[in-house]
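Coordinate analysis (summary)
In case you want the letters, here they are:
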Amino acid sequence: MSNEYNESQIQVLEGLEAVRKRPGMYIGTTSAKGLHHLVYEIVDNAVDEALAGFCTEIVITIHEDNSVSVIDNGRGIPIGIHPTKGIPAVEVVFTMLHAGGKFGGGGYKVSGGLHGVGASVVNALSKRLVVNIYSEGKVHEQIYERGDTVQPLSAVGDCPASQTGTLVHFWPDSEIFEEMEYSFDTLKQRLQEMAFITKGLKITLRDTRQEPAKERTYHYEGGIKQFVEHINKNRNPLFKQIFYVEAEKEGVLVEIALQYTEEFFESTFTFVNTINTAEGGTHLAGFRAGLTKGINDYAKKAGLLKDSDKNLSGDDVREGLAAVVSIKISDPQFESQTKIKLGNSEARYAVESVLSEHLGYFLEENPSIAKSIVEKSLTASRAREAARRARELVRRKGVLESARLPGKLTDCSDRNPANCEIFIVEGNSAGGSAINARLPRTQAILPLRGKIMNVEKSRLDKILSNEEIKSMILAFGTGIHEDFDISKLRYHKIIIMTDADVDGSHIRTLLLTFLYRFMTPLIESGNIYIAQPPLYKVDKNKKTYYAYSERELERLYEEIGREGTPPPERYKGLGEMDAEQLWDTTMDPEKRTLLRVDIEDARAADEIFNQLMGDRVEPRREFINEHAEYAVNIDV
Ligand code: TSJ
């Protein structure tokens, strides 16, 4: 018996040591993103309990020391001795790799979050982790440090006999993470999404680092139907009603909500077992096919498409669409490097047939809505035809030919795109410094003047007449939309370099929205980056130091000594740096840090953009009030 225990202990140590040695393998990154990922891993486990039908509420608290606790009112992680491991089940969960989701329960297990890891990985990467389990009138506690059990499972107190649940409190390890500060807004985004996807579940996020504590509660009885309402809260819906269906087909539980708006762009979000599948996959393909079929079938039956009309295309029926597709499947297979693209073929069929069938009923029951959708699609079809002709014309005139480069571009000389990078720089003064600072062989500079236009509110022909946008398209060489061809990309790194102030972040948001809407594959393949200019400069004894965050500044002062060190100089804009400083801090490939933009970042930018630029005033005011401290300079 004791031998067995020792054996499993050894195995445990090896397992979690591997996580600490190569954390990136398990959580993707040890940047701020990885730090936040720890919270999602823990919350996912509580959401599983909710999906199993045993938990109705989860509270997440950010504590003053940047530790986080998560409590649910589920059954409590089992505390009995695990039949084969010989240690308490809860200890298996926290100390054995991939132990999550192995206990009965059945149903649709998420079994860990995005990277499919779980509680043991969080434990391994935490300086300390305390778990409390409330069951049978007792509080059971176990404590770990960097993955090692330092307090065996024991009852440490009493609780009401009716109380059940799990509390996990963890302190991320500063030996592992570069960034140690939690962002309320980042956590809020994902937790709200979780609440939409898991209807009825109440999720509260509390931040006790400030007085009074900040708190948001997300609770949607209407689930993804309310998600669609939320997506459209800043857009003008074509009709009030939201289409909603929930049905099971061949073991796949399919939930779809959708509504059309007067906009031109599509916003469709897909989820598999609550995981945001930002790169889509088979369920998205099924959704598109089902939508096209459902609308065409109806339009023909209702006599809204004349025989001379061609079928409405997928692009036509998706113009102005806002939709959420959420499926639950027992054995999800994820493809692609980022694991956010679904591969299961049965999902395609299930979503397509559920949607085309139920959308058909909906359209028949709501003929005036149906008519407005078909008319909108027909208008889109005609506009697309007109835009195609305009593009033809533009192409014939050579305006979008990569042979002709924009006048503002200072190009690099190397002709191998893999070696080349382009800096998109805000403002002319910074552009000048960047041109002087750059490596002429591999670094190109494209300065943009002022703000680029709102691409969501305009049709293609108008967008293509915008100088800033045209310059970018020409410089990149890829074309856009249907003509997009990544093999023609002239620079493998596209680096957005904007000021670290409100205007800079506004321009970055606009640029990301443009890239998200017109050149999605560039984001998916990881070609887009954000430069990280320093926030502070400190001069001491003829030496110059830079700091890229408050935390780094703090560390710097500790390192070089507070005594006799002058206060830091805060950089407001890139233009304040001369060429040498810009090179040293931001552009030198040997020294700089770049943030790679992923599809999630782009989507978040798109959402922020919508709130800032939409037609409706109320959401914009709400947004600006929420972000008042940063948003003082924005025109409203
Ligand atoms: F991630 C985690 F493990 F640390 C964690 C798990 C964190 C939090 C906040 C909650 C949970 C969790 C796990 N909540 N509820 C559960 N439920 C179970 O582990 C459980 C309970 C009973 C049974 C059963 O079959 O009787 C099965 C399971 C999986």
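To be clear, the structure that these remarks concern was listed above.
Along each chain, numbering runs from 1 in the same order as the chain's sequence is written. Thresholds applied to this predicted model are a pLDDT of at least 70 for local features of residues and 80 or more for the giving and counting of side-chain atom pairs; totals over whole chains, interfaces and linings are not thresholded and use all residues. The side-chain figures draw on all heavy atoms in the structure; neither hydrogens nor water molecules are used.

Summing up its helical and strand segments, the protein chain has 21 helices and 23 strands in all. Only heavy atoms matter for contacts: two residues are in contact if any of them lie within 4.5 Å across the pair. The contacts in the protein chain between residues at least 6 apart in sequence include a share of 69% that link residues at least 24 apart. Total accessible area on the protein chain stands at roughly 28,700 Å², and carbon and sulfur atoms take up 49% of it. Each helix is a run of DSSP H or I of at least 4 residues and each strand a run of E of at least 2, with the numbering of both proceeding from the N terminus. Note on areas: these come from Shrake-Rupley sampling with a 1.4 Å probe, and a residue is covered only by the protein chains present in the view.

On to the packing of helix α14 (residues 467-476) against helix α15 (residues 502-518). Close contact between α14 and α15 brings their axes to 12 Å; oriented N to C, the two are set at 55 degrees. The pairing of α14 with α15 is recorded here as oblique in orientation. Classified by chirality, the crossing of α15 by α14 is right-handed. Contact residues: α14 offers I469, M472, I473 and F476, while α15 offers L511, F514 and L515. Classifying every residue of the contact of α14 with α15 gives seven nonpolar, no polar and no charged. The convention used is that axes are lines fitted to C-alpha atoms, helices contributing only their stretch in contact, and that angles between N-to-C directions extend from 0 to 180 degrees. The labels follow the angle: roughly parallel below 35 degrees, roughly antiparallel above 145, roughly perpendicular from 65 to 115, and oblique for the rest. Note on convention: near helix rotated counterclockwise from far helix by under a right angle means a left-handed crossing. Clockwise means right-handed. For this scheme, ten residues count as nonpolar: Ala, Val, Leu, Ile, Met, Phe, Trp, Tyr, Cys and Pro. Four count as charged, namely Asp, Glu, Lys and Arg, and the remainder, Gly too, count as polar.

Turning next to the sheet that holds strand β23 (residues 594-596). Strand pairing follows a simple DSSP-based rule, namely that at least 2 bridges must link the two strands. Pairing in this open sheet of five strands is mixed, and the strands run β17-β16-β18-β19-β23 from one edge to the other. Across the chains shown, the open sheet's two edge strands, defined by having one partner strand only, are β17 (443-448) and β23. Adjacent strand axes in the sheet meet at a mean angle of 30 degrees when their direction is disregarded. Examined bridge by bridge, strand β19 (residues 528-531) and β23 share three bridges and lie antiparallel to one another. Along β23, the bridge assignment pairs A531 with L594. Of the strands in this sheet, β16 (421-426), β17 and β18 (493-497) are in contact with α14, which crosses β17 at around 165 degrees.

With seven bridges joining them, strand β9 (residues 243-249) and strand β10 (residues 252-260) adopt antiparallel strand pairing. In the sheet register, Y244 faces β10, and the bridge partner there is A257. Joining the antiparallel neighbours β9 and β10 is a turn of two residues, in which E250 adopts a positive phi near 50 degrees.

One open sheet accounts for five strands, arranged β9-β10-β13-β11-β12; its pairing is mixed. The open sheet is flanked by β9 and β12 (275-276), the only strands paired with a single partner. Across six bridges, strand β11 (residues 267-272) lies against strand β13 (residues 321-328) in parallel orientation. By the bridge assignment, T270 is partnered in β13 with V325. Along the sheet face, helix α8 (residues 282-301) touches β10, β11 and β13 and points at about 130 degrees away from the line of β11.

What follows covers the site of the ligand. The cutoff for a nearby residue is simple: one of its non-hydrogen atoms must lie within 4 Å of the molecule or strand. As a matter of local geometry, the ligand sits amid 14 residues, with N45, E49, D72, G76 and F94 nearest to it. For this analysis, a polar contact is any N or O atom pair within 3.5 Å, provided that within protein one partner can donate a hydrogen and the other can accept it, and provided that sequence-adjacent residues contribute only side-chain to side-chain pairs. Between the ligand and the protein, one listed contact pairs a nitrogen atom with a side-chain N or O atom of E49 at 2.8 Å. D72 places a side-chain nitrogen or oxygen 2.6 Å from a nitrogen atom of the ligand. Protein contact buries 84% of the 610 Å² of open area that the ligand shows by itself. Contributing elements (two or more residues each) for the shell around the ligand: α3 (32-51), β2 (68-72), α4 (89-95) and β6 (165-172). If one sorts the elements of the shell around the ligand by residue count, α3 sits on top with three residues. For the shell around the ligand, a count of residues per class yields eight nonpolar, three polar and three charged.

The working definition used for a salt bridge is a side-chain nitrogen of Lys or Arg within 4 Å of a carboxyl oxygen of Asp or Glu. In this structure the tally under the stated criterion is 38 salt bridges. Note that R603 and E193 form a salt bridge whose closest N and O atoms lie 2.7 Å from each other. Linking R603 in helix α19 (residues 599-613) with E193 in helix α6 (residues 184-197), this pair joins segments that are 410 residues apart in sequence. Per residue, the accessibility class of R603 equals that of E193, and both read buried. When salt bridges that share partners are traced, they join R20, R146, D173 and E175 into one network. Here's how the labels work: a residue is buried when its accessible area is under 20% of the maximum for its type, exposed when over 50%, partly exposed in between, all with a 1.4 Å probe on protein chains only.

Summarising the element assignment, R490 is placed in the loop between α14 and β18. Judged by its relative accessible area of 17%, R490 falls in the buried class. In terms of polar contacts, R490 uses its side chain to reach the side chain of Y491, at 2.8 Å. Those residues in contact with R490, other than ones at most four positions away along the chain, are L405, L409, D411, R415, P417, C420, L474, A475, F476 and G477.

What follows covers the packing of aromatic side chains. The description of an aromatic ring pair uses the distance of the two centres, along with the angle that the planes make with each other. In this scheme Phe, Tyr and Trp rings, the latter by its six-membered ring, pair at centre separations within 6.5 Å, and the angle between planes marks the pair as stacked below 30 degrees, edge-to-face above 60, and tilted otherwise. All chains considered together, the criterion is met by nine aromatic pairs. Taking 6.5 Å as the distance between ring centres and 50 degrees as the angle between the ring planes, the aromatic pair formed by F239 and Y260 counts as tilted. Separated by 21 residues along the polypeptide, F239 in the loop between α7 (224-231) and β9 and Y260 in strand β10 bring together distant segments of the chain. A relative accessible area of 9% means that F239 is categorised as buried. Overall, the relative accessible area of 1% leaves Y260 in the buried class.

The next subject is unusual backbone geometry. Here the bond from E211 into P212 is cis, since omega is -5 degrees, no more than 30 degrees from zero. Positive phi, close to 50 degrees, is recorded for E250, a residue that is not glycine. Structurally, the position occupied by E250 is in the loop between β9 and β10. The backbone of N541 shows a phi angle near 45 degrees, a positive value even though the residue is not glycine.

Within the secondary structure layout, E49 lies in helix α3. Looking at E49, the relative accessible area reads 15%, which means it is buried. In contact with E49, not counting residues within four places along its chain, are F54, C55, D72, G74, R75 and G76.

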